[in-house]
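Listed below, chain by chain, are the residues.
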Amino acid sequence: MPRDPILVVRGLSATYGPIRALSDVDLDVAEGEIVAILGSNGAGKTTTLLAITGLIRPTAGQVTFRGRDITGTATETIVRLGLAMTPEGRHIFEGLTVVENLRMGAAFRGRAAFERMRDEVFALFPVLAERRAQLGGTLSGGEQQMLAIGRSMMSEPAMLLLDEPSLGLAPQIVEVIFDLIVRLRDRGTTILLVEQNARLALDIADRGFVIASGRVVATGTGRDLLASDEIVQAYLGVE
Ligand code: ATP
């Protein structure tokens, strides 16, 4: 790996009652990378993110973030350590304004930090600045996705986990969102990206991990993964 690892996952397993959702997952992300987790519906991509961020408790394995064991740590503590997540389906507060939504992402920070990050988010997403007083529920899908990402940025994370940022968005809007993800990385945020759209994700990712039935079945650069007919046909659904 070219740079220092920021996130190291070893032997991660998780269950939902009797259902085994993750088995022995190993995964590394180096500082400054964009890494994609790929796989079809129900493969275990979201569960991987939930187990990393403490939203579900893994049954086995270890998660190390910036050299510190965070396995099973409370999500709030993990966010304070610099790891934030933008969930699938965005989950913005529809009845709150854009600015109020951003404030929720900086709940434990002082006023000065809030204002500094709000201005940074507005610089990254000028459309949110224009719509700062608009209710979240009245934003377009693409604007809501920007707001969800912006809200995660408010805690100034060193690393951001993004769950299906392209979900339900028109192709041109997806392109805008993916350009923004690259810009976030270029300004220093490490990115772990879950996507069903493998071609799209591998376009911007340094490396990818393919998950099937809760296990990592392949890993490599986008070029490596897309060069294997077997992987593409069996797991990636790329035409
Ligand atoms: P998608 O792309 O459809 O979001 P995914 O790869 O993110 O899929 P997960 O959501 O991680 O998949 O689900 C992995 C497995 O765990 C699936 O079989 C799913 O049905 C199951 N599962 C997920 N959440 C729960 C839950 N709350 N209770 C029971 N089973 C669950």
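Look up a bit, the structure's there.
To start, this report covers the structure provided alongside it.

Conventions adopted
- Residues numbered from 1 in each chain as written.
- Predicted model: local features only at pLDDT ≥ 70, side-chain atom pairs only at ≥ 80, totals over all residues.
- Heavy atoms only, no water.
- Helix = DSSP H or I, 4+ residues; strand = E, 2+ residues; numbered from the N terminus.
- Rg over C-alpha atoms; globule rule 2.2 N^0.38 Å.
- Buried < 20%, exposed > 50% of the residue type's maximum accessible area, 1.4 Å probe, protein only.
- Contact = heavy atoms within 4.5 Å.
- Areas by Shrake-Rupley, 256 points an atom, 1.4 Å probe, with all protein chains shown as cover.
- Lys, Arg positive; Asp, Glu negative; His and termini not counted.
- Charge placed at Lys NZ, Arg CZ, Asp CG, Glu CD.
- Pairing = 2+ DSSP bridges.
- Axes fitted to C-alpha atoms, helices over the stretch in contact; angles between N-to-C directions.
- Expected span 1.5 Å × (residues − 1).

## Some points on the overall build of the protein
Helix and strand counts for the protein come out as 10 helices and 10 strands. Taken over C-alpha atoms, the radius of gyration comes to 17 Å for the protein, in line with the 18 Å a tight globule of 239 residues would show. On the principal axes, the C-alpha backbone points of the protein span a range of 50 × 40 × 40 Å. For the protein, with 239 residues in total, the buried portion stands at 53%. Considering only residue pairs separated by 6 or more positions, the protein has 67% of its internal contacts joining residues 24 or more positions apart. A total of about 10,800 Å² of accessible surface is found on the protein, and carbon and sulfur atoms cover 48% of it. The positive charge centre, built from 24 side chains, and the negative charge centre, built from 29, are 6 Å apart in the protein.

## Quick word on the environment of proline 87
Here proline 87 shows up in the loop between strand 6 (83-86) and helix 3 (98-104). With a relative accessible area of 22%, proline 87 lands in the partly exposed category. Between the C-alpha atoms of proline 87 and leucine 161, which are 74 residues apart in sequence, the distance is 8.1 Å.

## Section: unusual backbone geometry
Even without glycine at this site, arginine 66 takes up a positive phi of about 50°. Its location among the elements puts arginine 66 in the loop between strand 4 (60-65) and strand 5 (68-69). Even without glycine at this site, serine 213 takes up a positive phi of about 45°. Structurally, serine 213 can be placed in the loop between strand 9 (207-212) and strand 10 (215-220). We classify serine 213 as exposed; its relative accessible area is 64%.

## Overview of the pairing of strand 10
Summarising the sheet, strand 9 and strand 10 pair through five bridges and their orientation is antiparallel. Within strand 10, the position partnered with phenylalanine 209 by the bridge is threonine 219. Linking two consecutive strands that pair antiparallel, namely strand 9 and strand 10, is a turn of two residues; a positive phi of about 45° is found at serine 213 within it.

## What to know about the sheet that holds strand 7 (residues 159-163)
Either a parallel or an antiparallel arrangement is found when strands of a sheet pair, and the pairing is made through backbone hydrogen bonds. Taken in spatial order, the six strands of this open sheet run 6-7-8-3-9-10, and their pairing is mixed. If you trace the sheet from one side to the other, it starts and ends with strand 6 and strand 10, each paired once. Pairwise comparison of adjacent strand axes, ignoring direction, gives a mean angle of 20° for this sheet. Across the face of the sheet, helix 10 (residues 229-236) comes into contact with strand 3 (34-38), strand 9 and strand 10 while running at roughly 55° to strand 9.

## Quick look at the pairing of strand 6
Residue alternation in strand 6 divides its side chains into two sets, Leu83 and Met85 and Ala84 and Thr86, and both sets are buried. Sheet topology places strand 6 next to strand 7; four bridges connect them, and they run parallel. By the bridge assignment for strand 7, leucine 83 is matched with methionine 159.

## Looking at helix 6 (residues 141-153)
Under the 1.5 Å per step criterion, the end-to-end length of helix 6 is 18 Å for 13 residues, consistent within 8% with the ideal 18 Å. Taken across its 13 residues, helix 6 has 12 buried, putting it largely inside the fold. The inward-facing, buried residues of helix 6 abut strand 6, helix 3, helix 4 (111-124), helix 5 (126-130), strand 7 and helix 7 (171-186).

Geometry only, nothing functional implied.
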